[in-house]
Amino acid sequence: MRTGSIPLADLPGGFDLQSTVESGQTFRWEREGPDPETDRAHGSDAWYATVFDGEVVRARRSADALEWESTTDAEPVLRARLRLDEDLAAVREGASDDPIVRAAYERYPGMRLVDDPFFDCLVSFVCSAQMRVERIREMQATLRARYGEPIEADGRTYHAFPTPAALAAAGETELRECGLGYRAPYVARTAEMVASGEWTAADVRADDLETTRERLCEFVGVGEKVADCVALFSLGHLEAVPLDTWIRRAVREHFPACARDDYASTSRAIREAFGPLAGYTQTYVFHYLRHAE
DNA sequence: ATCCAGGATGTAT
DNA sequence: ATACATCATGGA
């Protein structure tokens, strides 16, 4: 395994790995070791492991650096997938100056948006319907363990995220046995669509969010909310504001002037309230509401 | 037991 | 277009 270290001082606005990969944006990072929420006995942060393009990547944040260990040079993929080169200070500066927004940014300094692989993100959020974040994470771990390519590294076995063909071949019945419930046929049919090759990330992505959302809604199990999540966390639409139960509550309680009767106009209103990188603010507020307050 | 979780779909109006 | 019931599963 190769190792490397990226000084936090080189990352504009700093970086926090735990909040970035445990804030419900991505479900592909497995924490190695105890839950830092319940066990604060250790000095530095936990290691997290994932697989990108068949290469194992382990990472942790020490006091002054992002350390990594990988079967290849992981720095480029880490910089890209965790948006490490984005100026977080500028993002925070551009956010709206509302009390709850300010509190959320202050609570999780260094949290960044991810840029996840398209299919993984798509499947994860198809599974997310009426599911708690912790269970979505468990479901994705099950899918990787059962259908992902095993990769040996450092005496351990890691699993890549399953390919579209692998999930399509699994079929509805087996996917139900993974605990997906009524989402099993959604995942099976969406996997078939992607496996057919007619819906690539490049095909689905448009310059404007509205068009991208329309195309994403062609997938089975993808409505406006899930479409916004995929647009935000894997297609680079940083202006997207997914309206889930938590954000709807925030609109109701903190931004009543943005409340509209339908999804699209409410999302547009809160997007304008949050600023140009509204998706960043949405993710901070989501994570903040789900833990603090 | 009843309610809820990062909602979406099918059907009736 | 909009309203409504229904869809698994596990934890509180």
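A. Main features of the pattern of salt bridges. Scanning the model with the defined rule gives 20 salt bridges in all. In this structure, the salt-bridge partner of glutamate 67 is arginine 60, at a minimum N-O distance of 3.0 Å. On the basis of relative accessible area, arginine 60 is assigned to the partly exposed category, the value being 22%. Notably, a salt bridge pairs aspartate 97 with arginine 102, separated by 2.5 Å at the nearest N-O pair. Using a relative accessible area of 59% as the deciding quantity, one classes aspartate 97 as exposed. Linked by salt bridges that have partners in common, Glu32, Arg58, Glu69 and Arg156 make up one network.

B. Summary view of unusual backbone geometry. A positive phi angle, near 50 degrees, is found at arginine 83, a position not held by glycine. Mapped onto the elements of the fold, arginine 83 is located in the loop between helix H2 (75-81) and helix H3 (88-94). Owing to a relative accessible area of 15%, arginine 83 belongs among the buried residues under this scheme. Phi angles above zero are rare outside glycine, and glutamine 130 is one such case at about 55 degrees. Relative to the helices and strands, glutamine 130 resides in the loop between helix H5 (118-127) and helix H6 (133-147).

C. Here's a closer look at the sheet that holds strand S5 (residues 65-70). Pairing is antiparallel across the open sheet formed by 5 strands, whose spatial order is S1-S5-S4-S3-S2. Each end of this open sheet is capped by a strand with a single partner; those strands are strand S1 (2-7) and strand S2 (30-32). Averaged over neighbouring strand pairs, the angle between their axes works out to 25 degrees when direction is ignored. As paired strands, strand S3 (residues 47-52) and strand S4 (residues 55-61) are joined by 5 bridges and run antiparallel to one another. From the neighbouring strand, tyrosine 48 faces S4, where its bridge partner is alanine 59.

D. Layout of the protein's contact with DNA strand B. In the region of DNA strand B, 27 residues are neighbours, and Met131, Arg132, Val133, Asp244 and Gln282 sit closest. A share of 55% of the atoms of DNA strand B within 4 Å of the protein falls on sugar and phosphate groups. At 2.4 Å, a backbone N or O of valine 133 approaches a phosphate oxygen of DNA strand B. Taking tyrosine 182, its side chain carries an N or O atom lying 2.8 Å from a base nitrogen of DNA strand B. Breaking the surface near DNA strand B down by element, the ones donating at least two residues are helix H11 (224-234), helix H12 (245-254) and helix H14 (278-291). It is H11 that provides the largest number of residues to the surface near DNA strand B, a total of 4 residues. Classifying every residue of the surface near DNA strand B by side-chain character gives 14 nonpolar, 9 polar and 4 charged.

E. Spatial organisation of the pairing of strand S7 (residues 156-159). The pairing of strand S6 (residues 150-153) with S7 spans 4 bridges and is antiparallel. Considered in S7, the bridge of alanine 153 is made with arginine 156. Between S6 and S7, which pair antiparallel in sequence order, lie 2 residues; one of them, aspartate 154, sits at a positive phi of approximately 60 degrees.

F. Looking closely at the protein's contact with DNA strand C. All residues adjacent to DNA strand C are Met131, Arg132, Arg135, Arg176, Gly181, Tyr182 and Arg183. Measuring from a base oxygen of DNA strand C, one finds a side-chain N or O atom of arginine 135 at 2.9 Å. Tyrosine 182 is positioned such that a nitrogen or oxygen atom in its backbone is 3.1 Å from a sugar or linking oxygen of DNA strand C.

G. Representation of the side chain of histidine 237 in the model. Along the chain, histidine 237 falls in the loop between H11 and H12. With relative accessibility at 1%, the residue histidine 237 sits in the buried group. Ignoring sequence-local partners within four residues, the contact set of histidine 237 consists of Arg205, Ala206, Asp207, Asp208, Leu209, Thr212, Ala231 and Leu232.

H. Here's a closer look at helix H7 (residues 164-180). With 17 residues, H7 extends only 16 Å from end C-alpha to end C-alpha; this falls clearly short of the ideal 24 Å at 1.5 Å per step. In H7, a bend of some 95 degrees at glycine 171 exceeds every other bend along the element. Within H7, the full set of buried residues consists of Leu167, Ala168, Ala170, Gly171, Leu175, Cys178 and Leu180. Count one or two residues on from H7 and you reach glycine 181, which has phi positive near 65 degrees.

Definitions and cut-offs
Residues numbered from 1 in each chain as written. Chains lettered and ligands numbered in written order. Predicted model: local features only at pLDDT ≥ 70, side-chain atom pairs only at ≥ 80, totals over all residues. Heavy atoms only, no water. Salt bridge = Lys/Arg side-chain N within 4 Å of Asp/Glu carboxyl O. Buried < 20%, exposed > 50% of the residue type's maximum accessible area, 1.4 Å probe, protein only. Helix = DSSP H or I, 4+ residues; strand = E, 2+ residues; numbered from the N terminus. Pairing = 2+ DSSP bridges. Axes fitted to C-alpha atoms, helices over the stretch in contact; angles between N-to-C directions. Near = heavy atom within 4 Å. Polar contact = N/O pair within 3.5 Å; in protein donor to acceptor, adjacent residues only side chain to side chain. Nonpolar A, V, L, I, M, F, W, Y, C, P; charged D, E, K, R; others polar. Contact = heavy atoms within 4.5 Å. Expected span 1.5 Å × (residues − 1). Bend = angle between axes of the 7 residues up to and from the residue.

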